[in-house]
Amino acid sequence: MNTKSLAVLLALFAGPTTFADEATLRYHLTGGLQLEMEQEIFVASREDAVAGRIFSMDFAIGEVGETGEQPVELTKLRASYTAHGMNQRLPASHLLGTSFALSGDERLLTAEGTNGEINLGQVTDGGLVPGRLLAGFLPVLPAESLSTGSTWVSEQAIETLEGWSWAGGDIVYENEVTAMSESDGALIVTVQSIGRATLHAAEGREGFVGEGELERSVEWSFDATTGMLLNYSLVQESSGTSQLPQGEVPVRQFTRVELQEESGVE
């Protein structure tokens with residue numbers, strides 16, 4: 001058997017060349033992100049939701065500047081509130097074109113210079129700031145390299161709209177890499193995250209009474225080659241108490257969030 005035939009035979013036994021089996025995740029967001037959030041609010045023992053909210057936002061993300069901050073512009077925004085069978089569009093057009101910056105250490109990004117909010121109504125203790133909402137969903141990336149089956153624990157301070165009030169707390173996530181694959185030369189890492197938190201009134205807010213509970217199930221994928229969060233799908237169940245004009249109202253809430261790359265945002 002000649003050398004060439006031996007090389008072909010060995011290649012057949014070895015199988016196809018595979019991508020790297022480890023990856024380090026670091027943010028380098030470019031292009032844009034699209035965020036969709038839907039909330040259903042329940043009270044007492046009623047089976048049907050008594051109210052709900054829908055938010056849809058597009059963010060155009062620029063390159064990192066000399067200061068290490070990344071400029072972000074809000075390019076699309078829709079918001080609505082439904083209660084008692086009536087749908088109300090929330091005023092949001094005044095925020096189009098506003099900007100803020102993402103800053104951090106490439107593992108955890110926060111929003112800086114956010115201004116302007118969506119007015120959620122008189123019974124809610126404060127409006128919603130789009131930039132802070134986006135940053136609050138960006139996962140905390142691990143310091144170490146990962147492979148399929150890798151696990152790590154992360155912690156993140158959150159502020160969340162629960163019922164008719166704002167709650168805050170520290171959420172602890174248990175994260176696991178469920179898959180790694182190659183697509184068009186990029187290494188894609190898929191992660192399942194389960195997070196739990198005890199809720200209190202958010203800082204500077206008063207409408208959330210006592211303690212509440214929150215649990216999140218998140219599946220997200222990350223392009224380890226480019227540093228882009230490709231998509232993020234969250235299902236959240238929570239409970240707590242909102243202070244309303246008629247008194248304290250126990251609330252249950254289901255929240256769904258979809259966050260995905262939108263490279264065509266202008």
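Residues numbered from 1 in each chain as written. Predicted model: local features only at pLDDT ≥ 70, side-chain atom pairs only at ≥ 80, totals over all residues. Heavy atoms only, no water.

Draft legend 1. Inspection of the overall build of the chain at higher detail. Along the chain, the regular secondary structure elements total two helices and twelve strands. Taken from N to C terminus, the helices and strands of the chain fall in the order α-β-β-β-β-β-β-α-β-β-β-β-β-β. Principal-axis analysis of the C-alpha atoms gives the chain an extent of 90 × 40 × 30 Å. Counting only residues that meet the buried cut, the chain has 45% of its 266 residues in that class. Of the contacts formed within the chain by residues at least 6 apart in sequence, a portion of 60% connects residues at least 24 apart. When the accessible surface of the chain is totalled, it reaches about 13600 Å², and 49% of it is carbon and sulfur. In the chain, the 14 positive side-chain charges and the 39 negative ones have mean positions that sit 5 Å from each other. (Helix = DSSP H or I, 4+ residues; strand = E, 2+ residues; numbered from the N terminus. Buried < 20%, exposed > 50% of the residue type's maximum accessible area, 1.4 Å probe, protein only. Contact = heavy atoms within 4.5 Å. Areas by Shrake-Rupley, 256 points an atom, 1.4 Å probe, with all protein chains shown as cover. Lys, Arg positive; Asp, Glu negative; His and termini not counted. Charge placed at Lys NZ, Arg CZ, Asp CG, Glu CD.)

Draft legend 2. Spotlight on the environment of Gln 88. If you trace the backbone, Gln 88 turns up in strand β4 (residues 86–89). The class of Gln 88 is partly exposed, set by a relative accessible area of 44%. Ignoring any residue separated from it by four or fewer positions in sequence, one finds Gln 88 in contact with Ala 79, Ser 80 and Tyr 81.

Draft legend 3. Examining the packing of aromatic side chains more closely. Enumeration over the complete set of coordinates arrives at five aromatic pairs. Measuring from centroid to centroid gives 6.4 Å for Trp 152 and Trp 220, while their planes differ by 90°, and the two rings are edge-to-face. Residue Trp 152 is located in strand β7 (residues 151–162), and its partner Trp 220 is located in strand β10 (residues 212–223); the two are separated by 68 residues in the primary sequence. No difference in accessibility class separates Trp 152 from Trp 220, as the two residues are buried. (Phe/Tyr/Trp six-rings, centres within 6.5 Å; stacked < 30°, edge-to-face > 60°.)

Draft legend 4. Region of the structure containing the pairing of strand β1 (residues 31–43). Note that β1 and strand β2 (residues 51–61) share eleven bridges and pair antiparallel. Note on β2: the bridge partner recorded for Glu 38 is Ile 54. In terms of strand pairing, β1 meets strand β12 (residues 247–261) through eleven bridges, oriented antiparallel. Bridge pairing in β12 places Glu 38 opposite Arg 256. (Pairing = 2+ DSSP bridges.)

Draft legend 5. Structural context of unusual backbone geometry. Backbone geometry at His 84 places phi at a positive 55°, although glycine is not the residue there. Structurally, the position occupied by His 84 is in the loop between β3 (70–83) and β4.

Draft legend 6. The side chain of Arg 216, seen in detail. Among the secondary structure elements, Arg 216 is positioned in strand β10. Within the buried core, Arg 216 has no salt-bridge partner, and the shortest N-O distance to an opposite charge, that of Glu 162, equals 6.5 Å. Reaching out from Arg 216, the side chain makes a polar contact with the side chain of Gln 236 at a distance of 2.5 Å. Beyond its immediate stretch of four places on either side in the chain, Arg 216 contacts Gly 136, Phe 137, Ile 158, Ile 171, Tyr 173, Ser 193, Ile 194, Gly 195, Leu 234, Val 235 and Gln 236. (Salt bridge = Lys/Arg side-chain N within 4 Å of Asp/Glu carboxyl O. Polar contact = N/O pair within 3.5 Å; in protein donor to acceptor, adjacent residues only side chain to side chain.)

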